[in-house]
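Geometric and topological summary
What follows is the residue order along each chain.
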2 protein chains.
Amino acid sequence: MIRPRFRAKDSVRQNAELTIALDAMGGDHAPQVVVKGAAIARTRHPKVKYLFVGDEKRIKPLLAKRKALAKVSDILHTEIAIGADDKPAVALRSGRQSSMRLALDAVADGKAHAMVSAGNTGALMAMAKFALRTLPGIDRPAIASFFPTLRGESVMLDLGANLECDADNLVQFAIMGSIFAQNVFGVLEPTIGLLNVGSEEMKGHDELKQASAKLREMQLPGIYHGFIEGNDIPNGTTEVVVSDGFSGNIALKTAEGMSKLYGEFLKRTFRSSIAARLGYLLAAAAFRKLRVRLDPRRYNGAMFLGLGGVCVKSHGGTDAFGYANAIGVAVDLVIQGFNDKLAEELARIAAQQNAALPPSAAAAI
Amino acid sequence: MIRPRFRAKDSVRQNAELTIALDAMGGDHAPQVVVKGAAIARTRHPKVKYLFVGDEKRIKPLLAKRKALAKVSDILHTEIAIGADDKPAVALRSGRQSSMRLALDAVADGKAHAMVSAGNTGALMAMAKFALRTLPGIDRPAIASFFPTLRGESVMLDLGANLECDADNLVQFAIMGSIFAQNVFGVLEPTIGLLNVGSEEMKGHDELKQASAKLREMQLPGIYHGFIEGNDIPNGTTEVVVSDGFSGNIALKTAEGMSKLYGEFLKRTFRSSIAARLGYLLAAAAFRKLRVRLDPRRYNGAMFLGLGGVCVKSHGGTDAFGYANAIGVAVDLVIQGFNDKLAEELARIAAQQNAALPPSAAAAI
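Quantities reported herein were computed from a predicted structural model and do not represent experimental measurements.

1. A word on the relation of the copies chain A and chain B
Note on the identical chains: chain A maps onto chain B by a rotation of 180° and an axial translation of 0.0 Å, with an RMSD of 0.0 Å. Here the transformation between the copies is reduced to the relation of a two-fold axis. Among all residues of chain A, the one whose C-alpha sits closest to the rotation axis is A:Gly279, at a distance of 1.8 Å. Mapped onto chain B, 100% of the interface residues of chain A are again interface residues, and the two copies thus contact each other with one and the same surface.

2. Quick look at the nonpolar core
Formed by 247 residues in total, the largest nonpolar core has its most connected members in A:Phe52, B:Tyr50 and B:Phe52. Excluding its chain neighbours within four sequence positions, the residues that come into contact with B:Phe52 are B:Leu22, B:Ala24, B:Val34, B:Val35, B:Ala38, B:Ile59, B:Leu63, B:Leu69, B:Ser73, B:Asp74, B:Ile75 and B:Leu76.

3. Notes on the sheet that holds strand 5 (residues 142-149) of chain B
All names here are of chain B. One open sheet holds the eleven strands; their spatial order is 3-2-1-4-11-10-5-6-9-7-8, and the pairing between them is mixed. At either margin of the open sheet sits one strand with a lone partner, and together these are strand 3 (73-77) and strand 8 (223-228). Neighbour-to-neighbour, the strand axes of the sheet open up by a mean angle of 25°, direction not taken into account. Relative to strand 6 (residues 152-157), strand 5 is paired through six bridges, and the arrangement is antiparallel. Counterpart to Ser 145 in the pairing with strand 6 is Met 156. Docked against the sheet, helix 3 (residues 56-64) engages strand 2 (49-54) and strand 3, running at close to 165° with respect to strand 3.

4. Describing the environment of B:Ile192
Residues and elements named next belong to chain B. Tracing the chain through its elements places Ile 192 in strand 7 (residues 191-195). Note on Ile 192: relative accessible area 0%, which makes it buried. Between the alpha carbons of Ile 192 and Gly 222 there is a distance of 7.0 Å; along the sequence they are 30 residues apart.

5. Here we look at the pattern of salt bridges
Residue and element names in this part refer to chain A. Throughout the structure, instances matching the rule amount to 22 salt bridges over all chains. A salt bridge links Lys 57 to Asp 55; its shortest N-O distance comes to 3.4 Å. Relative accessible area serves as the criterion here: at 55%, Lys 57 is assigned to the exposed category. The salt bridge involving Asp 109 is made with Lys 111; its shortest N-O contact spans 3.9 Å. For Lys 111, a relative accessible area of 59% translates into the label exposed. Overlapping salt bridges, with partners in common, bring together Asp 55, Lys 57 and Glu 79 in one network.

6. Comments concerning the domain arrangement of chain A
Residues and elements named next belong to chain A. Here the domain parsing of chain A yields domain 1 (1-134 + 303-365) and domain 2 (139-270). Between the C-alpha centres of domain 1 and domain 2 there is a distance of 23 Å. Linking domain 1 with domain 2 are zero salt bridges. Inspection of the domain 1/domain 2 interface yields five residue pairs in polar contact (both at pLDDT 80 or more). For the side of domain 1 that touches domain 2, the secondary-structure elements that each account for two or more residues are helix 7 (121-132), strand 10 (302-305), helix 13 (320-335) and helix 14 (338-356). A per-element tally of the side of domain 1 that touches domain 2 places helix 14 first, with nine residues.

7. Comments concerning the packing of aromatic side chains
Per the stated rule, a full pass over the model turns up 22 aromatic pairs over all chains. Centroid distance A:Phe180 to A:Phe338: 5.8 Å. Interplanar angle 70°. Geometry classified as edge-to-face. Taken together, the residues span a long stretch of sequence, with A:Phe180 in helix 8 (residues 167-185) and A:Phe338 in helix 14 at a distance of 158 residues. On the accessibility criterion, A:Phe180 (0% relative accessible area) is buried. Classification of A:Phe338 by relative accessible area gives buried; the value is 2%. Here the aromatic cluster, defined as three or more aromatic residues joined through ring pairs, consists of A:Phe270, A:Tyr280, A:Phe287, B:Phe270, B:Tyr280 and B:Phe287. A:Arg133 extends its terminal NZ or CZ atom over the ring of A:Phe130, reaching a point 5.2 Å from the ring centre.

8. Re the interface of chain A and chain B
Contacts between the two partners involve 54 residues from chain A, matched on the other side by 54 residues from chain B. Each partner contributes to the roughly 5000 Å² buried at the junction of chain A and chain B, and carbon and sulfur atoms together form 74% of this total. Across the contact surface, chain A and chain B share two salt bridges. Sorting the residues of the side of chain A that touches chain B by element identifies strand 5 (142-149), helix 10 (232-235), helix 11 (245-270) and helix 12 (274-294) of chain A as the ones contributing at least two each.

9. Some thoughts on a nonpolar patch on the surface
A cluster of nonpolar side chains, namely A:Ile274, A:Leu278, A:Leu281, A:Leu282, B:Ile274, B:Leu278, B:Leu281 and B:Leu282, defines an oily patch on the protein surface of about 830 Å² accessible area. Sorting the residues of the nonpolar patch by element identifies helix 12 of chain A together with helix 12 (274-294) of chain B as the ones contributing at least two each. Tracing the chain through its elements places A:Leu282 in helix 12. For A:Leu282, a relative accessible area of 34% corresponds to the partly exposed category.

10. Let's talk about a negative patch on the surface
On the surface, A:Asp139, A:Glu164, A:Asp166, A:Asp206, A:Glu207, B:Asp139, B:Glu164, B:Asp166, B:Asp206 and B:Glu207 cluster together into a negatively charged patch. Counting only elements with at least two residues in the negative patch, the list comes to helix 9 (206-217) of chain A together with helix 9 (206-217) of chain B. Along the polypeptide, A:Glu164 turns up in the loop between strand 6 (152-157) and helix 8. Among the residues examined, A:Glu164 registers a relative accessible area of 54% and is labelled exposed.

11. Quick word on the state of the cysteines
What makes a disulfide is a covalent bond joining the sulfur atoms belonging to two cysteines. Residues and elements named next belong to chain A. Taken as a whole and judged by the stated rule, the model has zero disulfides over all chains. There is no disulfide at Cys 165, and the cysteine sulfur nearest it, in Cys 311, is 18 Å away. Judged by relative accessible area, Cys 165 falls into the buried class, the value being 12%.

12. Quick look at the confidence of the model for chain A
Across chain A, pLDDT averages 90, with 92% of residues at or above 70. Overall, residues 1-6 of chain A carries pLDDT values under 50, and its contacts beyond four positions in sequence, including any with other chains, amount to 27 contacts.

13. Digging into the sheet that holds strand 1 (residues 19-23) of chain A
All names here are of chain A. As summarised here, the arrangement of the eleven strands in space is 3-2-1-4-11-10-5-6-9-7-8, forming an open sheet in which the pairing is mixed. With one partner strand each, in any of the chains shown, strand 3 (73-77) and strand 8 (223-228) form the two edges of the open sheet. Across this sheet, the average inter-strand angle for adjacent strands is 25°, counted without regard to direction. Lying over the sheet, helix 8 contacts strand 5, strand 6, strand 7 (191-195), strand 9 (240-242) and strand 10, oriented at roughly 150° with respect to strand 6.

14. Some words on helix 7 (residues 121-132) of chain B
Residue and element names in this part refer to chain B. In this model, helix 7 (twelve residues) spans 16 Å end to end at C-alpha, consistent with the 16 Å of a helix rising 1.5 Å per residue. Listing the buried residues of helix 7 in full gives Ala 123, Leu 124, Met 125, Ala 126, Met 127, Ala 128, Ala 131 and Leu 132. If you follow the buried residues of helix 7, they end up packed against helix 5 (88-94), helix 6 (99-108), strand 4 (114-117), strand 5, strand 10 (302-305) and strand 11 (310-313). Its side-chain oxygen placed 3.1 Å from the backbone nitrogen of Gly 122, Asn 120 serves as the N-cap of helix 7. In the stretch just after helix 7, Arg 133 is the one whose phi turns positive, near 60°.

15. Focus: the packing of helix 8 (residues 167-185) of chain B against helix 9 of chain B
Residue and element names in this part refer to chain B. Axis separation between helix 8 and helix 9 bottoms out at 8 Å; the angle between their running directions is 50°. By the angle between their axes, helix 8 is oblique relative to helix 9. Our pair here, helix 8 against helix 9, has a crossing hand that is right-handed. Taken together, the residues of helix 9 that come into contact with helix 8 (itself represented by Ala 167, Asp 168, Leu 170, Val 171 and Ala 174) are Glu 207, Leu 208, Gln 210, Ala 211, Lys 214 and Leu 215.

Each value, and the rule that gives it
Residues numbered from 1 in each chain as written. Chains lettered and ligands numbered in written order. Predicted model: local features only at pLDDT ≥ 70, side-chain atom pairs only at ≥ 80, totals over all residues. Heavy atoms only, no water. Least-squares fit on C-alpha atoms with pLDDT ≥ 70 in both. Contact = heavy atoms within 4.5 Å. Core = buried A, V, L, I, M, F, W, Y, C linked by side-chain atoms within 4.5 Å. Buried < 20%, exposed > 50% of the residue type's maximum accessible area, 1.4 Å probe, protein only. Pairing = 2+ DSSP bridges. Helix = DSSP H or I, 4+ residues; strand = E, 2+ residues; numbered from the N terminus. Axes fitted to C-alpha atoms, helices over the stretch in contact; angles between N-to-C directions. Salt bridge = Lys/Arg side-chain N within 4 Å of Asp/Glu carboxyl O. Domains from an automatic or database assignment. Polar contact = N/O pair within 3.5 Å; in protein donor to acceptor, adjacent residues only side chain to side chain. Phe/Tyr/Trp six-rings, centres within 6.5 Å; stacked < 30°, edge-to-face > 60°. Lys NZ or Arg CZ within 6 Å of the ring centre and 35° of its normal. Buried area = accessible area lost by both parts, 1.4 Å probe. Patch = residues over 30% accessible without salt bridge, like charges linked within 9 Å, V, L, I, M, F, W, Y side chains within 5 Å. Areas by Shrake-Rupley, 256 points an atom, 1.4 Å probe, with all protein chains shown as cover. Lys, Arg positive; Asp, Glu negative; His and termini not counted. Charge placed at Lys NZ, Arg CZ, Asp CG, Glu CD. Disulfide = S-S within 2.5 Å. pLDDT = per-residue confidence, 0-100. Expected span 1.5 Å × (residues − 1). Parallel < 35°, antiparallel > 145°, perpendicular 65-115°, else oblique. Left-handed = near helix turned anticlockwise from the far one by under 90°.

Here you go:
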């Protein structure tokens, strides 16, 4: 069994009464994995209710086999599903009755506290922005995820929602990431790094230099460390890694590929001689622990931060354990009151910046 | 002993008579590592001569201890060295008598066939462009390096020389990388991938889409695969990975960091129990081979491609083994006639493109 990574106290998790809307038609193995994932999640936080949005004819038989889950579940029927290759604009225009959109609407209408989808990322982000809106003070939501590091773990954003970002976007990502680290990692003053190609102030694009200058001046919910480089991500140099969506996506996927490369090299090494095979037998228990720690399913559940509701994206190809972790991420974001804390902090920063302006300028805003 | 990665036949390597200029003052441990590195390189290609450029007072005593190396070495004296933090523009303006610049000039003047420096990358690129010029058909040189993959190895470029690239730059990098793979990996038709955040044609920046369209239409020295993602780099999906210098640098450094992370996790795992420690003893020989294969010193020596001369950048903090590998990279680029082949191919492509234009347009060029 894969343990959830989140830090919410077990007592809080177990007593949390909330409803999660699940896009039952999103993902490579939907709806089976969605229902099975919810069944696993149910054992972790038994008081959570589920709203399965999708084709009733396919969901009902799956729930029928899981009585305990069926008791805490409702179905919102629709036969329309967003395809994995549908363009975001098309999904937005013609997917109003899709399982993805109706799950988002359930959050927008207060019928659910959060939603999870393993469907098309671009479509989900486009529809989430439309259905949930962005929080005041946030121009663009970002995709955030955990990253295992030498020192523990860090949060990285943006991972692909915004291929080009201006300095203000990057500053907003830094604030969101920092509040996330405070509330989820429990770090009082998280350190924030801006991903660049060198740590010297003169390096990188203009947007990065401007963002860096702003972050140095601001009173942040954390400590601005400065520029960091790619190797600083796995090193855990900072708890929050901020980047544009293009660079962040390249870094994340390269890291995923390196994990696969090392896994394969390790396998080949242990198979390369009889002594190595025996060595593996002795070290097997220790390696099992490492495998569990680095299991990509444990890191499943990318968060769309900056929206007026909790929306979590599961990997499309994950299994039920991975899906259950994505549900866990959604539950914990709700339990931790992440969005309320983010909204408070954004309001504080806005007030502070108004106060810092000369009176006439402040009045003009 | 770390074996060189290059594919030049040993007989060719051993009989190659050429001169390599070494920036004896560049790098964290210069000139000791430079001299020691050359001594190691000498055992691999005994007929290569070295021109040490730097402070005679410091180089001479080091050579005095290595008689065999001293016999094939000359010293070009200068006391001026480029600092690790010197800005490229400053180095270019006021570093005309520096060891780095004089080593480059030796290549430009035909006194050496190639140069190696472990000094400041930005200064080296700026001075190399000035001293060696770019090849006709190349607007901007790129930094290229090897990358170990599941399938063997690939070449990646640009790794940081050009933070922003237009479509033509990327197309030129693809051609350079492909000719490199042909001549160094010995692959007849290398596959070329363009690093992006998704493999669909609609993804990514405009420059990437334009470059992709051009690469599809051109007759290349290789096969254009299309867009690839970060995980495709370690997977070895293509033999050539093309990117702008910003993304390439982020990918490379993230991969380096991941190697360190896995090395550390492996160490901790083998130390985590008595059984695991015993297991390590049995598997130690197999792991030694893996360590050798992934030793970053084996991948030392980034090539500045697209210049009118061979210029190789060693990691600033490497040891003598790593430095010797960087010398090996320079030797092999010369032996393989890489620059001549690149120039030929660029001329062929230019002629082809002129022929493809309507007569009036061709005449107007």
